[in-house]
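Survey of secondary and tertiary structure
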Amino acid sequence: MISVDEALAQLFALAQPLGTEEVPLREAAGRVLREDAVARRDQPPFAGSAMDGYALIAEEAVVGASFEVIGESAAGHRFDGTVAAGQAVRIFTGAPIPDGATRVVLQEDVTREGDRITLGERLDTGPHIRAAGIDFRAGDRLTAPRLLRPADVALLAAMNAPRLTVSRRPEVAVISTGDELVLPGEDPGPDQIIASNTFGLEALFRAHGATVRLLPLARDSRASLEATFALASGADLVVTIGGASVGDHDLVGRVAADLGMEQSFYKVAMRPGKPLMAGRMGAEMGGAMMIGLPGNPVSAMVCGHVFVAPVLRALQGLPPAPAPLSRAPLLEDLPANGPRAHYMRALLTPEGLRPAGSQDSSLLSLLSEAGALIMRPPEAPAARAGEILPYLPL
Ligand code: AMP
Ligand code: MG
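For clarity, every value in this text was computed on a predicted model and none was experimentally measured.

Here we come to the nonpolar core. Note on soluble globular proteins: their nonpolar side chains tend to be buried together. Counting residues in each nonpolar core, the largest one holds 46 residues, and the members touching the most others are Phe 205, Phe 307 and Tyr 343. Secondary-structure elements contributing two or more residues to this core are helix H1 (4-14), strand E15 (171-176), helix H3 (197-207), strand E19 (237-241), strand E23 (289-293), helix H6 (297-315), strand E25 (341-348) and strand E27 (372-376). Counting residues per element, this core draws most heavily on H6, at 12 residues. Residues contacting Phe 307, with those up to four places away along its chain left out, are Val 4, Ala 7, Leu 8, Leu 11, Val 268, Met 270 and Leu 276. Ala 173, Leu 251, Val 255 and Met 281 belong to the second largest nonpolar core, which has 21 residues in total.

Written out as structure tokens, the structure is:
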């Protein structure tokens, strides 16, 4: 049995970055930028006003001074002339500062009569001018690799970058195994259950940039598993669910081996999720990476967060890194941990982390309620309420 960190290291060794494609700006959010985006212009492209008011010569801005208003500069419509001594230009936020002017006086600080303004008592120091290029300059870069967030999309738009080079989406083929499984919406027999983690994992993989090929449910027979594996051909990553422990009906490892899978590891020192498997499929399967998840609904989802999500990020060219942890105070004492890393479901409240009473790996209702998995390293000593513990946000 290997540690979570070793398992991740072996997974990252298998997860080589995929190729790239070009997408329009509007489809870039959530994708991984693979080539630097370069600004085509300065932003702002001109010195502009930060406020509504009057543009004039800074040295002349003293209490009681009066000016002739000679024109207007609005966003998108600059004033073409030059501001000379004793003159002011009506100006609005985002409008270009006219030549000659060196500050903006707030409109609240003047009284206007016809074409004249007089500066009142409450004069601030200004200048309320945003210099050209203070946000970024032509040639500045948003560097790759980078997972693009909505704020990045706004920045890329401002940089006038209408198309971006991003990672191609990893294609994940998902194989659920078990004679007992039926699909949601079907009519289950008395001994059957609905395939559930299948759909939770699909949502998780998609949230991490993957496209998902959900294959028909595989039965616990060699023939059915082989036929289903064949349908996974061409995918970048094959994820199996269930059939991975050592029971008589747990055939996934054996069938995958017969299909040429080179196993990297089997079994990880963690709770839940011990019977995790990974490797690379044979040449007929295109050498796809393979991850075998345990069938227990919670184990499968936890392994999805801990292993598959980081793999999907690495496949898209992000630096290999474990799922990012946050930290919060523990609200109840916890006993010392055993030899396996423990991912404990916990309610995440504004005050901190409240561990769930039961940690049974079949209870999806608890996972759905939990906002966090408290991460307890192997042999962690008992933890007291008030201690700050690392957790994986769900
Ligand atoms: P296995 O790893 O095949 O022994 O499965 C362990 C447990 O997880 C069994 O109770 C299965 O019925 C259940 N299970 C396996 N696959 C799924 C699935 N896709 N959705 C929900 N439960 C599953
Ligand atoms: Mg099974």
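The next point concerns the pairing of E23. Counting buried residues in E23 gives 5 out of 5 residues, a clear majority hidden from the surface. Burial along E23 is two-sided: the residues Met 289, Ile 291 and Leu 293 and Met 290 and Gly 292 are all buried. Direction of pairing for strand E22 (residues 277-280) relative to E23: antiparallel, over a ladder of 4 bridges. Counterpart to Arg 280 in the pairing with E23 is Met 289.

Among the residues making up H3, those that are buried are Asn 197, Thr 198, Leu 201, Glu 202, Leu 204 and Phe 205. Down the axis, H3 shows its buried residues gathered within 165° of arc, on one side only. Turned more than 90 degrees away from the buried face of H3 sit Arg 206 and Ala 207, all of them exposed. In this fold, the buried residues of H3 make contact with E15, strand E18 (211-214), E19, E23 and H6.

What follows covers the pattern of salt bridges. The final tally for this structure, using the stated rule, is 16 salt bridges. Asp 109 serves as the salt-bridge partner of Arg 122, at 2.8 Å between the closest nitrogen and oxygen. Taken together, the residues Arg 122 in the loop between strand E10 (116-119) and strand E11 (129-130) and Asp 109 in the loop between strand E8 (103-106) and strand E9 (110-113) connect sequence positions 13 residues apart. Overall, the relative accessible area of 58% leaves Arg 122 in the exposed class.

Right, let's get into unusual backbone geometry. Note the cis peptide between Gln 43 and Pro 44, where omega equals -10°. Tracing the chain through its elements places Pro 44 in the loop between strand E3 (37-38) and strand E4 (48-49). Of the consecutive residues Arg 271 and Pro 272, the connecting peptide bond is found in the cis state with omega at -15°. Within the fold, Pro 272 resides in the loop between strand E21 (270-271) and E22. If you check the backbone angles, Lys 267 has positive phi at about 85° while not being a glycine. For Lys 267, the location among the structural elements is in the loop between strand E20 (262-266) and E21. With a phi angle near 60°, Glu 379 is a residue other than glycine that sits in the positive phi range. Structurally, Glu 379 is set in the loop between E27 and strand E28 (388-393). Since its relative accessible area comes to 55%, Glu 379 is described here as exposed.

Another aspect to go through is the sheet that holds E23. Reading across the sheet, the 6 strands line up as E18-E15-E19-E23-E22-E20 and stay open at both edges, with mixed pairing between neighbours. At either end of the open sheet lies a strand with only one pairing partner, and these are E18 and E20. Neighbour-to-neighbour, the strand axes of this sheet turn through a mean angle of 20°, independent of strand direction. Pairing geometry for E15 and E19, over 5 bridges, is parallel. Bridging from a neighbouring strand, Ser 176 pairs with Ile 241 of E19. Each of E15, E19 and E23 is contacted by H6, which is oriented at about 165° to E23, the strand it contacts most.

Moving on to the packing of aromatic side chains. Per the stated rule, a full pass over the model turns up 0 aromatic pairs. One Lys or Arg, Arg 78, reaches over the ring of Phe 46 and ends 5.9 Å from the middle of that ring.

Every one of the 17 residues lining ligand 1 counts as a neighbour, but Glu 180, Ser 196, Asn 197, Gly 243 and Gly 295 are closest to it. A distance of 3.0 Å is found between a nitrogen atom of ligand 1 and a backbone nitrogen or oxygen belonging to Ser 196. Asn 296 is positioned such that a nitrogen or oxygen atom in its backbone is 3.2 Å from an oxygen atom of ligand 1. When isolated, ligand 1 has an accessible area of 480 Å², and the protein chains bury 78% of it. Looking at the shell around ligand 1, the elements with two or more residues in it are strand E17 (193-194) and H3. The residue inventory of the shell around ligand 1, partitioned by class, reads 6 nonpolar, 9 polar and 2 charged.

As summarised here, the arrangement of the 6 strands in space is E8-E5-E7-E6-E10-E9, forming an open sheet in which the pairing is mixed. Only two strands of the sheet have a single neighbouring strand rather than two, namely E8 and E9. Mean inter-strand twist for the sheet, computed between neighbouring axes without regard to direction, equals 40°. The sheet contact formed by strand E5 (residues 53-56) and E8 spans 4 bridges and is antiparallel. Paired with Ala 55 across the two strands is Val 104, which belongs to E8.

So, how was this worked out
Residues numbered from 1 in each chain as written. Chains lettered and ligands numbered in written order. Predicted model: local features only at pLDDT ≥ 70, side-chain atom pairs only at ≥ 80, totals over all residues. Heavy atoms only, no water. Core = buried A, V, L, I, M, F, W, Y, C linked by side-chain atoms within 4.5 Å. Buried < 20%, exposed > 50% of the residue type's maximum accessible area, 1.4 Å probe, protein only. Helix = DSSP H or I, 4+ residues; strand = E, 2+ residues; numbered from the N terminus. Contact = heavy atoms within 4.5 Å. Pairing = 2+ DSSP bridges. Arc of directions from axis to C-beta. Salt bridge = Lys/Arg side-chain N within 4 Å of Asp/Glu carboxyl O. Axes fitted to C-alpha atoms, helices over the stretch in contact; angles between N-to-C directions. Phe/Tyr/Trp six-rings, centres within 6.5 Å; stacked < 30°, edge-to-face > 60°. Lys NZ or Arg CZ within 6 Å of the ring centre and 35° of its normal. Near = heavy atom within 4 Å. Polar contact = N/O pair within 3.5 Å; in protein donor to acceptor, adjacent residues only side chain to side chain. Areas by Shrake-Rupley, 256 points an atom, 1.4 Å probe, with all protein chains shown as cover. Nonpolar A, V, L, I, M, F, W, Y, C, P; charged D, E, K, R; others polar.

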